[in-house]
Every structure is written in structure tokens, then in C-alpha cells.
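Take a look at the letters that make up each chain.
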Amino acid sequence: MRQRLYFMLPDIPQARATLDELLLARIEERHIHFIAKDNLLLPDMPGANLFQRTDLLHGLELGALIGAVSGVLAGSLLLIFPPENPELKMMALLGSGFGGALLGSWLSGRAAKSIPSSRLETYLSEIDAGKVLLIVDVPLHKVLPVKQMLCEKHPDLRFAGLSVSYVLN
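Residues numbered from 1 in each chain as written. Predicted model: local features only at pLDDT ≥ 70, side-chain atom pairs only at ≥ 80, totals over all residues. Heavy atoms only, no water.

Undergrad: I'd love a proper account of the overall build of the protein, names of residues and values included.
TA: Helix and strand counts for the protein stand at six helices and four strands. Evaluated residue by residue, the protein yields a buried proportion of 38% over its 169 residues. Pairs at least 24 residues apart make up 81% of the contacts formed inside the protein by residues separated by at least 6 positions. As displayed, the protein has an accessible area near 10200 Å², and 64% of this comes from carbon and sulfur atoms. (Helix = DSSP H or I, 4+ residues; strand = E, 2+ residues; numbered from the N terminus. Buried < 20%, exposed > 50% of the residue type's maximum accessible area, 1.4 Å probe, protein only. Contact = heavy atoms within 4.5 Å. Areas by Shrake-Rupley, 256 points an atom, 1.4 Å probe, with all protein chains shown as cover.)

Okay, here's the thing in C-alpha cells:
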């Protein structure tokens, strides 16, 4: 498990310099992500992916839960008005629950893909003002060294928070 560090940088040149320093500190590029206004990032700077920019995962989870419950409720109608075959009852109940979960996660995922991530709400006003959000996933033992290194080299940088990241390696 890794820790996700958030830093607010004043502009693109500072973000580019920070990227170089992180790479020199042996942080892999796949663990470094930037979010800027109107995709102003330079081509060689790794941008945040769809899962980091939107509420897609949250929408998929919520849709699967609501869809599964709705599917089981719909399938329970088959228990009230049973078909002739008793084995068909249980298969229909499980099938409707699974089908509801799939349909619910698909529909809510499509909707959540267009919604900005709720985790980034606190940073959106600064990003709109031209600042750049840096997200770095580091192992627990590198949290303090990385934070200290960046704060020492960039006095304009603001440490904006820490959260648990479920990136496996």
C-alpha cells in the first residue's frame, strides 16, 4: 500500500522542475500525476488518469450496490410468483441480482465519468486560477523524505494533503 501526497504548485514551470526532482529521487513516472487547468500540461508531463480526475470508481461501486439490491428485489418477485421448477427460483434470484449489479454499475459509471472527483473539490478553485496539482504515490517510508525534499527546494509549493492509495506497487 502506498500513500498519496498532494502538492499545489504555482505554475507549469515549477511543476516541470518538480517532476525532474521526483524522477531523480527514483519515484517512477507512473506514480506521479499532474492536474492543470484546460490541459495546459507539457506533453512530457504525466497527467492524472480518468480514475483520479473523476468519480468513476465511486459511481461504479454505488451503482453496483443499488443495482444488486434492485435486482434482488425484482428477483424476489419470482419467489412470490414462483415458476414450476424450484431450482429455477434460486437461479432467477441470483441472476437478477447479478444482472442488476452489472446494469447499475454500467449506468452510474457512465454518469460518474463526467463528474469531477469529489476528492479534488478542495483544489478545483486553485486549479482554475492557474495552479497545478501534483499527486505522488509513494511507499510509507518515503513520505517524509519526499515531502521535505519538495518543500525545501520549492518554497512556493504548498503541501495540500495526504491519503491512502491502493496502488499495489
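Continuing now.
Undergrad: Could you give an account of the environment of Ala-74, naming the residues involved and the relevant values?
TA: As for its placement among the helices and strands, Ala-74 is situated in helix H3 (residues 56-80). Sequence separation between Ala-74 and Gly-97 is 23 residues; the distance between their C-alpha atoms is 8.1 Å.

Undergrad: I'd love a proper account of the nonpolar core, names of residues and values included.
TA: Core analysis: the largest hydrophobic core is formed by 22 residues, its most contacted members being Leu-22, Phe-34, Val-132, Leu-134 and Leu-150. Those elements that provide at least two residues to this core are strand S1 (2-9), helix H1 (12-24), strand S2 (32-35), strand S3 (132-139) and helix H6 (143-153). Leaving out residues up to four positions away in the same chain, Phe-34 has contacts with Leu-9, Ala-15, Leu-19, Leu-41, Met-45, Pro-46, Gly-47, Ala-48, Val-132, Leu-133 and Leu-134. Ranked by size, the runner-up nonpolar core spans ten residues in total, among them Met-8, Tyr-123, Ile-127 and Ile-135. (Core = buried A, V, L, I, M, F, W, Y, C linked by side-chain atoms within 4.5 Å.)

Undergrad: Mind laying out the packing of H3 against helix H4 (residues 86-112), listing which residues take part and the relevant values?
TA: Running from N to C, H3 and H4 point in directions that differ by 150°, and their axes come no closer than 6 Å. Relative to H4, H3 is oriented roughly antiparallel. The two elements H3 and H4 meet at a crossing, and its hand is right-handed. Its residues assigned to classes, the contact of H3 with H4 comprises eleven nonpolar, 13 polar and one charged. (Axes fitted to C-alpha atoms, helices over the stretch in contact; angles between N-to-C directions. Parallel < 35°, antiparallel > 145°, perpendicular 65-115°, else oblique. Left-handed = near helix turned anticlockwise from the far one by under 90°. Nonpolar A, V, L, I, M, F, W, Y, C, P; charged D, E, K, R; others polar.)

Undergrad: Explain the packing of aromatic side chains residue by residue, including any values.
TA: In the structure shown here, the tally under the stated rule is one aromatic pair. With centroids separated by 5.4 Å and ring planes inclined at 65°, the aromatic side chains of Phe-7 and Phe-159 adopt a geometry described as edge-to-face. You can see Phe-7 sitting in strand S1 and its partner Phe-159 sitting in strand S4 (residues 158-165), a full 152 residues away along the chain. Sitting over the face of the ring of Phe-159, Lys-147 holds its NZ or CZ atom 4.3 Å from the ring centroid. (Phe/Tyr/Trp six-rings, centres within 6.5 Å; stacked < 30°, edge-to-face > 60°. Lys NZ or Arg CZ within 6 Å of the ring centre and 35° of its normal.)

Undergrad: Residue-level account of the environment of Leu-133, with values.
TA: Inspection of the secondary structure puts Leu-133 in strand S3. Leu-133 sits 24 residues away from Leu-157 along the chain, and the two C-alpha atoms are 10.0 Å apart. If near-sequence neighbours (up to four positions away) are discounted, Leu-133 is found in contact with Tyr-6, Phe-7, Met-8, His-33, Phe-34, Ile-35, Leu-120, Tyr-123 and Ile-127.

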